[in-house]
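Results of the structural survey
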Amino acid sequence: MKKGVVVMVGTRKGAYLLRSNGERDKWSEEGPLFPGEPVYHLSFDPRDGESLFAACNQTWGGPKVQVSRDLGKTWTVASNPAFPKGHRNTFRRTWHIEPGHGKTPNVMWAGVAPAGLFKSSDRGMTWEPVLSLIDHPTSDQWQPGGAGETALHSIGVDAGDPNRIVIAISAGGAYITTDGGASWRPWNEGTRAEFQPNPEPEVGQCVHHLVSHPAKGGVFFQRNHNRVYFRNADEQRWIDRQEGLPTNFGFAGAIDPHDPDTAYVIPLDERVRLAPKDGIAVWRTTDRGKTWKRLDKGLPEGAQAEVMREGMATDRRDPVGIYFGTVNGEVWASADGGKRFERIAAYLPPILSVSTATLE
Amino acid sequence: MSQVTVLLRGAYRDFAGRSRVPVEAATVGEALDRLAEACPAVRERLRDEHGRLREHLNVFANEEDIRRLDGERTALREGDVVHIIPAVSGG
């Protein structure tokens, strides 16, 4: 297989694939795939090096998960996730698709709205509801987030333990399983829900994006509604690392694949949900959030763009590539760990997600 | 049982791969079930997992919205036409 990076872009009107060589200095654009369909997320399965998954949420005819086994050349429609007969929920759309652990090569996970987790044991072609989470005793406390519906949008599989998975719901907070999904418990200690009378409830936090480290086990990072947090699996609480960021709001967050102490966020103004007046920028920490540095070289000065919760990703190359897509349809990339950004796509529909496939 | 025609428009024509499907059915619901048998790709586009017709979908028996008739129980006669039309959602 040819070395390179594919940046997968989900938009409100279809998906685009931006392909590059290993140097990441030239990009080609394919698309739109699934024209007209809101594509909330695309993902790549590094375990087989060939599968792509797309969360297509067509208004007319309902949502579909699409699966490719040839890196996006051809696509097949999978069976829909479905809540059981008589269940209070009806499947409305897919928000996130995540490959399982390397030791479970056929397992995929999907987060949907209304908030629910589904598991596939056949590489994404059929899906079973994870009722231990969907019907968790605290599920009646989940509230619709800003998107107007409850949604499970983040799935962090522990790189070191196939049985440990952390998910996040807006607005329901984070939950952890340590037995492969058979049971779940809230995992929100130390995180705030400043929009509630009790700012530190057991559940109900508005997590915007939560990720696990792709290589080092037990490392988790979340961009919350008003704060940014790190937590290792052996820690009792999330560590608040908001200080040093220019605003207390944002959607996107990513962790560096080579260094678990390095992470990236894109701060936004809470009231208007656009970049603050200085303009859109990636903020990086290299010391697990103790300090943050603005990275903006090459980015348009003062551009008050917006980046959604799935709107930023890294690749696996060294130096790491950082990518983000804006609601005004631009994709920005840095091939040198954030030293300099360049625009690699423009005039796309509003961008909902950016994710990557690193081809080794 | 009557011989009727299901006409599909817009996205539903694309899902089915054709615009006209003749079926035998006594009610609109039966006509939709026969349509899904003839065009399996349409099944999940018509109904959610609980069997309810999806949002943003209008079904007409001849020229009348089935919501103003007897829903999926609306009886069909020989030569009737069932229209599957995406709703004009989104402005």
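Here's a quick rundown of the structure.

**Looking at the overall build of chain B**
The helix and strand tally for chain B stands at three helices and five strands. Listed by position from the N terminus, the elements making up chain B come as β-α-β-α-α-β-β-β. For 91 residues, the compact-globule estimate of 2.2 N^0.38 gives 12 Å, and the C-alpha radius of gyration of chain B, at 12 Å, lies within 12% of that figure. With respect to the three principal axes, the spread of C-alpha positions in chain B is 35 × 25 × 25 Å. Going through the 91 residues of chain B one by one, you find that 30% of them count as buried. Within chain B, contacts between residues at least 6 apart in sequence are counted, and of these 56% link residues at least 24 apart.

**Examining the interface of chain A and chain B**
With 10 residues of chain A in contact, the opposing surface of chain B contributes 14 residues. Its residues placed into classes, the side of chain A that touches chain B shows four nonpolar, five polar and one charged.

**Comments concerning the pairing of strand β2 (residues 14–20) of chain A**
Along a regular strand, successive side chains alternate from one face of the sheet to the other. Residue and element names in this part refer to chain A. A large share of β2 lies buried, amounting to six of its seven residues. Where strand β1 (residues 4–11) folds back onto β2 in an antiparallel hairpin, the turn is made up of two residues. One ladder, built from five bridges, connects β2 with strand β3 (residues 27–33); its direction is antiparallel. Each residue of the ladder has a partner; that of Ala-15, found in β3, is Leu-33. Once β2 ends, the chain turns through six residues before running back antiparallel as β3, passing Arg-24 with a positive phi of about 60°.

**A word on the sheet that holds strand β7 (residues 76–77) of chain A**
Residues and elements named next belong to chain A. Here we have four strands laid out as an open sheet, ordered β4-β5-β6-β7, and antiparallel in their pairing. Strands at the two margins of the open sheet, each flanked by one partner only, are β4 (39–44) and β7. Taken together, the seven bridges between strand β5 (residues 52–58) and strand β6 (residues 62–68) define a ladder with antiparallel strand orientation. Across the sheet, Cys-56 pairs through a bridge with Lys-64, a residue of β6.

**Quick notes on the environment of A:Gly102**
Within the secondary structure, A:Gly102 is located in the loop between β8 (93–99) and β9 (108–113). Separated by 201 residues in the primary sequence, A:Gly102 and A:Ala303 place their C-alpha atoms 40 Å from one another.

Rules and cut-offs
- Residues numbered from 1 in each chain as written.
- Chains lettered and ligands numbered in written order.
- Predicted model: local features only at pLDDT ≥ 70, side-chain atom pairs only at ≥ 80, totals over all residues.
- Helix = DSSP H or I, 4+ residues; strand = E, 2+ residues; numbered from the N terminus.
- Rg over C-alpha atoms; globule rule 2.2 N^0.38 Å.
- Buried ≥ 20, exposed ≤ 12 C-beta atoms within 10 Å, placed from the backbone.
- Contact = placed C-beta atoms within 7 Å.
- Nonpolar A, V, L, I, M, F, W, Y, C, P; charged D, E, K, R; others polar.
- Pairing = 2+ DSSP bridges.

That is the geometry; function is a separate question.
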